[in-house]
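An overview of the molecular structure
Each chain, letter by letter, is given below.
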Amino acid sequence: MDGKMSLSVEDAVDYKGSLADRSKTGGWVPAALILGIEICERLSTMGIAVNLVTYLVGTMHLPSAESANVVTDFMGTSFLLCLLGGFLADSFLGRYLTIAIFAVVQALGTGMLSVTTRLPQLRPAPCNASTATKSCQQANGFQMGILYLSLYLIALGTGGLKSSVSGFGTDQFDDKDEKEKAQMAYFFNRFFFFISTGTLLAVTVLVYIQDEVGRSWAYAICCISMLIAILVFLSGTRRYRYKKSAGSPIVHILQVVVAAASKKKLQYPSNLAFLYENCPEASRIQHTDQFRCLDKAAIMAEGDNEVNGETSSPNPWKLCSVTRIEEVKMMIRLLPVWATTILFWTIYAQMITFSVEQATTMERSIGSFQIPAGSLTVFFVGAILITLAVYDRMIMPLLKKWKGKQGFTNLQRIGIGLALSVLGMVAAAVAEAKRLSVARGAGAAAAHRGGTTLPISVFTLIPQFFLVGAGEAFIYTGQLDFFITRSPKGMKTMSTGLFLTTLSLGFFLSSFLVSIVKTLTGGKHGNGWLADDINHGRLDCFYWLLAVLSAINLGAFIVSAAWTKPQAAKSVAKSYSVDDQC
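What you see is a predicted model; the values in this text were computed from it and never measured. (Residues numbered from 1 in each chain as written. Predicted model: local features only at pLDDT ≥ 70, side-chain atom pairs only at ≥ 80, totals over all residues. Heavy atoms only, no water.)

**A short note on the state of the cysteines**
Disulfides are covalent bonds that link the sulfur atoms of two cysteine residues. To keep it simple, the criterion reads: Any pair of cysteine sulfurs within 2.5 Å is marked as a disulfide. Under the scheme applied here, a residue whose accessible area is under 20% of the maximum for its type counts as buried, over 50% as exposed, and between as partly exposed, the area being computed with a 1.4 Å probe on protein chains only.
Per the counting criterion, the structure on display carries zero disulfides. Summary of cysteine pairing: cysteine 82 is not part of a disulfide, and the nearest cysteine sulfur, belonging to cysteine 40, is at 17 Å. Taking relative accessible area as the criterion, cysteine 82 reaches 0% and is therefore assigned buried.

**Let's talk about the pattern of salt bridges**
Stated formally: Salt bridges are identified by distance alone: a Lys or Arg side-chain nitrogen within 4 Å of an Asp or Glu carboxyl oxygen. Numbered from the N terminus, helices here are DSSP runs of H or I no shorter than four residues, and strands are runs of E no shorter than two.
In total, this model carries 14 salt bridges according to the counting rule given. Ionic pairing is found between aspartate 289 and arginine 292, a salt bridge with its closest N-O pair at 3.7 Å. Residue classification places arginine 292 among the buried residues on the basis of a relative accessible area of 18%. Among the ionic pairs, arginine 324 bridges to glutamate 327, the shortest N-O distance being 3.2 Å. Of this pair, arginine 324 and glutamate 327 both sit in helix 9 (residues 322–340), three residues apart, roughly one helical turn. For arginine 324, a relative accessible area of 25% corresponds to the partly exposed category.

**Observations concerning unusual backbone geometry**
Notably, histidine 61 is not glycine yet its phi reads approximately 60°, a positive angle. Tracing the backbone shows histidine 61 in the loop between helix 2 (28–58) and helix 3 (64–80). For phenylalanine 291, which is not glycine, the phi torsion reads 55° and is therefore positive. When you line up the elements, phenylalanine 291 lands in the loop between helix 8 (249–262) and strand 4 (305–308).

**Here's the deal with the domain arrangement of the protein**
Going by this rule: Where each domain begins and ends follows an automated or database-derived domain assignment. The contact criterion used throughout is that any non-hydrogen atoms of two residues lie within 4.5 Å. For any pair of parts, buried area is found by adding up, for both, the accessible area (1.4 Å probe) each one loses once the two are put together. Side-chain atoms alone can form a polar contact between residues adjacent in sequence; in general such a contact is a pair of N or O atoms within 3.5 Å, and within protein one must be able to donate a hydrogen while the other accepts it. Residues are grouped as follows: Ala, Val, Leu, Ile, Met, Phe, Trp, Tyr, Cys and Pro are nonpolar; Asp, Glu, Lys and Arg are charged; every other residue, Gly included, is polar.
Along its sequence, the protein is carved into domain 1 (9–128 + 137–245), domain 2 (249–320) and domain 3 (331–564). If you average the C-alpha positions of domain 2 and of domain 3, the two centres end up 44 Å apart. The interface is formed by eight residues belonging to domain 2 together with six residues belonging to domain 3. Together domain 2 and domain 3 conceal approximately 670 Å² of surface at their shared face, both sides included; 72% is due to carbon and sulfur atoms. Linking domain 2 with domain 3 are zero salt bridges, by the criterion used here. Across the domain 2-domain 3 interface, the total number found is two residue pairs in polar contact (both at pLDDT 80 or more). Its residues assigned to classes, the side of domain 2 that touches domain 3 shows five nonpolar, three polar and no charged.

In structure tokens form, the structure reads like this:
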């Protein structure tokens, strides 16, 4: 009997609802089936995003800045909808069903986009180049509306499944088992490796198919690959471990806030032992001193219980346990780091918008082969993969041997990523200044309209891609680790959604900055820093602005990281002072 119990995973069940058998469920095989969905999601989302700006400018005839904003708004919405996916997973569907349903939604979106880009009625006529000045008709409202419908259906699918993939993957490992806990530590790096593999296929094979064969064929491949990934995912149903939902974390947070607010005039008890606690000893979270105003939710008072027949139980909107309050405090402690990582993704947005547009004006030939502009991000993805490989195979073993640690801490990795992003923007500003000097010397504006390119190699842009790509390798794995390991067990899907909103807000911040800079620097002719023709603009100044903002943000992160560590109470009998506040 004891041997049978040792094979069971306490907090997980199998597909029948029985305690999960360690020998028959979980581990790397089910985790790999889950990661297959993530590869296809990246293939679709990044395959669309990295080359969408060239479609919007070249085929739909939108201005440069507006095209960049369409891309960043699409990406921003994709990640913002992760909060919706997290809420549904935690409250109603569970992670398994959430992934399955929203993967189907994304497949429908890519299928619709394939049809949208195929039909000539859904795009404007080609530019008229017969006159001295090229005449282009911009896409009308109906054409853009159908395109937006396709894109945001994909965004809904991405947001829904992405919030649950990493959490469901970690569910396949038991953090109470030392062997499986060690495997989970490697899961985060390999999870991101799979993401990067999908992105690599997107920016090479898929972008090449878009440019040389046809966009509709490329998007059809995305649709079919996702449908295959769904079938593979469903095939692992019997092998997965499922964690029981603890209810909506949003409701739990609101209960603590409402209970604390309703008791704001009550006096704190003489010591912590008098605060309400009903959680089992093994699952309790130690009381901490921060945000003490929330502790009032655990002060017992008349009217806290509600009567159900012959029994009574605490009303969760009036009385909360210390553990429930500490869970809310844990989520609050994530917020400063959350806020200071948003700007990195604003910088990332430039790599798939303006940097791709820069590449379209530069010499991209290797012999007789011309590199598609969108495929230049292969250097970005290559930097991620190289960084992950070096960190996994060299840095982690060295740190384990030297200091007995499993690598850099999650906060250290985030800090390294932010520092590399600052250097990446400096490199981008220098490269753009060089490109603009060539453009002015060659009379580039007219030349570019005539179909020629500037006499400067596209490989001038490699440093910015490499530095920001290496930064992403550190910051993504660091953020994912930080938000999952520092959040309560019942709020891991929500915390993953919170992490992904940094990407969302980063993209939206990019759109906001582009609009503000274009308005403030546009002048009478609408050129300014972000001109419709980038050869007439000062994109380098925009990059310098981002470099300065990133350096300030790095300083704010260092302060936030120092504050994030919770301050534990010294003893159970600790007394509150009259001035204890949040």
